[in-house]
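So the chains spell out like this:
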Amino acid sequence: MMLGPGSIEWGSKRSALEKFGYAAGDLALCHRHEGEWVGLMNVRHLQLGISDAALMASSDGAYGEVELHPSRKFADPRLSALVAAARAEMVAGFPSGRLFMDSVEQAMAVTLVEGHAVRHRPVQIYRGGLGSARLRRIRELVHARMGDDLSLDEMAQSIGLSTAHFARMFRKSTGETPHQFVLRQRVERAKAMLRVPDARVLDVAVACGFTTQQHFAQVFRDVCGVSPTQYRQDFLDSEVIHASETHSEDMLRL
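Throughout this document, residue positions are counted from 1 along each chain, in the order its sequence is written. Whole-chain, interface and lining totals are the exception, using all residues; otherwise, since this is a predicted model, local features are given only for residues with pLDDT of at least 70 and side-chain atom pairs are given and counted only at 80 or more. Hydrogens and water are ignored here; the side-chain numbers use all heavy atoms of the structure.

- Looking up the protein in an unreviewed UniProt entry gives the name AraC family transcriptional regulator, with the organism given as Tunturiibacter gelidiferens.

1. Some remarks on the environment of H116
Moving on, step 1. Relative to the helices and strands, H116 resides in helix α3 (residues 98-116).
Moving on, step 2. Once the C-alpha coordinates of H116 and H69 are considered, the two residues, 47 residues apart in sequence, prove to be 5.5 Å apart.
Moving on, step 3. Excluding residues that lie within four positions of it along the chain, H116 makes contacts with L29, E67, L68, H69, F74, D76 and T111. Where helices and strands are cited, they refer to DSSP runs of H or I of at least four residues and of E of at least two residues respectively, numbered from the N terminus. Pairs of residues are marked as contacts when any of their non-hydrogen atoms sit within 4.5 Å.

2. Observations regarding the packing of helix α2 (residues 77-91) against α3
Moving on, step 1. Put simply, α2 and α3 touch, their axes get as near as 10 Å, and they point 160° apart. Considering their axes alone, α2 and α3 lie roughly antiparallel with respect to each other. As α2 packs across α3, the resulting crossing turns out to be left-handed. When α2 is examined against α3, the residues R78, L79, L82, V83, A85, A86 and E89 are found in contact with a partner set consisting of F100, M101, V104, A107, M108, V110, T111, L112 and E114.
Moving on, step 2. Following the grouping adopted for this structure description, the nonpolar residues are Ala, Val, Leu, Ile, Met, Phe, Trp, Tyr, Cys and Pro, the charged ones are Asp, Glu, Lys and Arg, and the polar ones are all others, Gly among them. Classifying every residue of the contact of α2 with α3 gives 12 nonpolar, 1 polar and 3 charged. For helices, the fitted line uses only the C-alpha atoms of the stretch in contact; every axis is such a line through C-alpha atoms, and the angle between N-to-C directions lies from 0 to 180 degrees. The cut-offs work like this: below 35 degrees is roughly parallel, past 145 is roughly antiparallel, 65 to 115 is roughly perpendicular, and the gaps in between are oblique. By convention the crossing between two helices is left-handed if the near helix lies anticlockwise of the far one by an angle smaller than a right angle, and right-handed if it lies clockwise.

3. Quick notes on the pattern of salt bridges
Pairing is possible between side chains of opposite charge, provided their charged atoms come close.
Moving on, step 1. What makes a salt bridge here is a side-chain nitrogen of Lys or Arg within 4 Å of a carboxyl oxygen of Asp or Glu, nothing more. In the structure shown here, the tally under the stated rule is 8 salt bridges.
Moving on, step 2. E114 serves as the salt-bridge partner of R78, at 3.5 Å between the closest nitrogen and oxygen. Of the two residues, R78 is situated in helix α2 and E114 in helix α3; the sequence distance between them amounts to 36 residues.
Moving on, step 3. Since its relative accessible area comes to 44%, R78 is described here as partly exposed.
Moving on, step 4. Here D148 makes a salt bridge to R145, at a shortest N to O gap of 2.6 Å.
Moving on, step 5. Per-residue accessibility, obtained with a 1.4 Å probe over protein chains only, is compared with the maximum for each type, and a residue is labelled buried under 20%, exposed over 50%, and partly exposed between these values. Given the relative accessible area of 34%, D148 is considered partly exposed.
Moving on, step 6. Through salt bridges that share partners, R145, D148 and E154 make up one connected network.

4. Considering the sheet that holds strand β4 (residues 37-42)
Whenever strands of a sheet pair, they do so through backbone hydrogen bonds, lying parallel or antiparallel.
Moving on, step 1. Strand order across the open sheet formed by 3 strands is β2-β1-β4, with antiparallel pairing between neighbours. Every interior strand has two partners, whereas the edge strands, β2 (18-22) and β4, have only one. If you compare each strand with its neighbour and ignore which way they point, the axes differ by 20° on average.
Moving on, step 2. Of the strand pairs in this sheet, strand β1 (residues 6-11) and β4 are connected by 4 bridges, and their pairing is antiparallel. Note that in β4 the partner of G11 across the bridge is W37. Should DSSP find at least two bridges between two strands, the strands are regarded as paired.

5. Examining the environment of K191
Moving on, step 1. Note that K191 resides in helix α7 (residues 178-194).
Moving on, step 2. With 13 residues separating them in the primary sequence, K191 and V204 have C-alpha atoms 9.1 Å apart.

Here's what the structure looks like:
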């Protein structure tokens, strides 16, 4: 994906290079088995690879590798947004962990298979969601591995599904992505830990699977509307008020 305006000279032969002009967000999709001759490259860009596993999962188990239409220039707003999300995560030092990047890659693979595949099995439409037993198994896995860098593939394998099928069914069943679900569970555990007055915020962040205290604070604020420190202070203040009210009621009875 191009990160700004510019141009690239490239082609299948060194003697037949063609110049392409790009705007920020424009995309190019390279053929996986054929090299490209590149001349003058005058554009900042980010190059990403999508795994065979993600592409095959998105085509519901197509036999062999998934072949994509190569293109030296095209626009796809959805794909550009996903690449931008991956770049922002990379620039920040990957604070969201493996599950977030797995989810972005799987979403990219779905977009590529749906809009740029040469041949693949039609994506199967599933009308139901995950059953209660499978959802319970996922919750148990997330709680048991709260401090680990859990992957999308591990979650899918735990209930015997492909990553793409699992991601679709999970969202249909819960209304949120696996990554959003895991973040919410981590925040809920963090809230319980923060109610202990002497618990350090950094220790809470690490125990709940956050790579940095800053990322933990950002996610906590996004979910709860306040910082972890403010949440604990508000909780302790409410406990003091409740204790005071209880004492006052006891004195009135006397």
